[in-house]
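Reading the structure
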Amino acid sequence: MEQNNFNGALQKPVGSGFNAASTTSDVIKGVDINGKIAIVTGGDGGLGLEITKTLSKAGAIVIVPARDIEKAKLNLQGIANVEVEPMNLTEPASITSFAEKFLASDRQLHMLINNAGIMWTPLQRDNRGYEAQFSTNHLGHFQLTAKLWEALKKTEGARIVTVSSSAHHYSPVLFDDVNYHTREYNKFEAYGQSKTANVLFTVEFDKKARPFGVRAYSLHPGLILDANLGRHLTFEDFITLGAVNANGTPNEEAQAAMQKMSKTKRARRRHNSMGRNKSAIAKYRRCLSARCRSCQLQSRCLR
């Protein structure tokens, strides 16, 4: 019987040579992707924007599907080899339209990076009545991957990467009430459920795609300081997450993590990299220490 990997207990380091201080440029150094085609959802902001920049610099053609075309074009100004197309992950017809247009171009698809997502939102539903975090983070990417399968299958060595989160530990997929019709809504559990779905989808898709030379991977991106994912968080949410104590002082573990991050950032800065985030970390720590309930830096959070 195949061994399971409950809560990551069987996970082992892959020996990649990279660590928390490694940049996207470090990872892609020496990799030839000139002329390769990548689709990156959410590729116009946050983590996705960095992915787009790096792939573009390495010579890839990057297609960014976006809800707000004008905003995406503005964010992507100055980046070479980028195409922007309309798509909304909560609207099946929009996903189908995007995929069919790509398939009609008869181009290969070397990389599909399912990166877009929403996090810890109040209860919202798409037009079908599906809970928004599950709809955006999982169902939309599930449909997109399925619709693009023919392009992936005909491309030797195609890869699908779906961005999950360590928050998958917050909740399994509760199939009896995925969309919170009968149980009380919890935004943290809802996000965790969607991230668990990302992982389960990836594991099963990889099994089915492997015979065709296509592989699928899922990942936890780590601490993201510059994304706007946590814009719905309140001060009380930071207490729930364990980032601060009820009196507003930083949690000891969170404080230790920030200190470790600062040390890593300083070491990296000596190599002329990642210096920009140092000020963000310092501001974040000052924000917590000042017990600031209304500060906009509350949006800088753990993904």
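Predicted model only: the values in this text are computed from it and were never measured. (Residues numbered from 1 in each chain as written. Predicted model: local features only at pLDDT ≥ 70, side-chain atom pairs only at ≥ 80, totals over all residues. Heavy atoms only, no water.)

Topic: the overall build of the protein
Applied cut-off: In DSSP terms, a helix is any run of H or I states spanning at least four residues, a strand is any run of E spanning at least two, and both are numbered starting from the N terminus. Buried, partly exposed and exposed residues are distinguished by accessible area as a fraction of the type maximum, computed with a 1.4 Å probe on protein chains only: under 20%, between the cut-offs, and over 50%, respectively. Exposure was quantified through the Shrake-Rupley algorithm and a 1.4 Å probe, taking into account, for residues, occlusion by the shown protein chains and nothing else.
Scanning the protein from N- to C-terminus turns up 10 helices and six strands. Scored against the burial criterion, the 303 residues of the protein give a buried share of 45%. A total of about 16,500 Å² of accessible surface is found on the protein, and carbon and sulfur atoms cover 52% of it.

Re the pattern of salt bridges
Which entries qualify depends on this criterion: Counted as salt bridges are all cases of a side-chain nitrogen of Lys or Arg within 4 Å of a carboxyl oxygen of Asp or Glu.
Tallied over the full model, the rule gives 10 salt bridges. Residue arginine 210 is joined to aspartate 206 by a salt bridge in which the shortest nitrogen-to-oxygen separation is 2.5 Å. One salt-bridge network, in which partners are shared between bridges, spans Asp206, Arg210 and Arg215.

Focus on the confidence of the model for the protein
Our working rule: The predictor reports its confidence for every residue as pLDDT, a score running from 0 up to 100. Only heavy atoms matter for contacts: two residues are in contact if any of them lie within 4.5 Å across the pair.
For the protein, the mean per-residue pLDDT works out to 83, and 75% of the residues sit at or above 70. For the stretch residues 286-303, pLDDT sits under 50, and the model shows 53 contacts to residues farther than four places along the chain or on other chains.

Quick notes on helix H5 (residues 132-147)
An α-helical turn contains 3.6 residues, so a residue and the one three or four places further along point in the same direction. Just so we agree on the cut-off: To obtain the bend at a residue, axes are fitted to the seven residues ending there and to the seven starting there, and the angle between these axes is taken.
Along H5, the sharpest change in direction is near 30° and occurs at leucine 139. Counting buried positions over the 16 residues of H5 gives 12, a clear majority of the element. Considered for burial, the residues of H5 that qualify are Ala132, Gln133, Phe134, Ser135, Thr136, Asn137, His138, Gly140, His141, Gln143, Leu144 and Thr145. Those residues of H5 that are buried are in contact with helix H4 (92-104), strand E4 (111-114), helix H6 (149-153), strand E5 (159-163) and helix H7 (187-209).

Notes on the packing of H5 against H7
Spelled out, the test is: In this description, a line fitted to the C-alpha atoms serves as the axis of each element, helices being fitted only across the stretch in contact, and the angle between N-to-C directions of two axes falls anywhere from 0 to 180 degrees. Roughly parallel here means an angle under 35 degrees, roughly antiparallel means over 145, roughly perpendicular means 65 to 115, and every remaining angle is called oblique. Should the near helix be turned anticlockwise from the far one by less than a right angle, the crossing is left-handed, and should it be turned clockwise, the crossing is right-handed. Note on residue classes: Ala, Val, Leu, Ile, Met, Phe, Trp, Tyr, Cys and Pro are nonpolar, Asp, Glu, Lys and Arg are charged, and everything else, Gly too, is polar.
Where H5 contacts H7, the two axes come as close as 7 Å, and the packing angle between them is 15°. Relative to H7, H5 is oriented roughly parallel. Every pair of crossing elements has a handedness; the one defined by H5 and H7 is right-handed. Contacts between H5 and H7 involve Gln133, Phe134, Asn137, His138, His141, Phe142 and Thr145 on the former and, on the latter, Lys187, Ala190, Tyr191, Gln193, Ser194, Lys195, Ala197, Asn198, Phe201 and Phe205. Residues of the contact of H5 with H7, tallied by class, amount to seven nonpolar, eight polar and two charged.

As for the nonpolar core
To keep things clear, this is the line we draw: Side-chain atoms within 4.5 Å link the members of a nonpolar core, which is a set of buried Ala, Val, Leu, Ile, Met, Phe, Trp, Tyr and Cys residues.
Counting residues in each nonpolar core, the largest one holds 24 residues, and the members touching the most others are Ile39, Phe102, Leu109, Leu112 and Leu148. Taken together, the elements giving at least two residues each to this core come down to strand E1 (37-40), H4, H6 and H7. A total of four residues in this core trace back to one element, the largest contributor, which is H4. Those residues in contact with leucine 109, other than ones at most four positions away along the chain, are Ile37, Ala38, Ile39, Phe102, Leu148, Ala151, Leu152, Thr155 and Ala158. In this structure, Ile33, Ala60, Val62 and Met111 belong to the second largest nonpolar core, which totals 17 residues.

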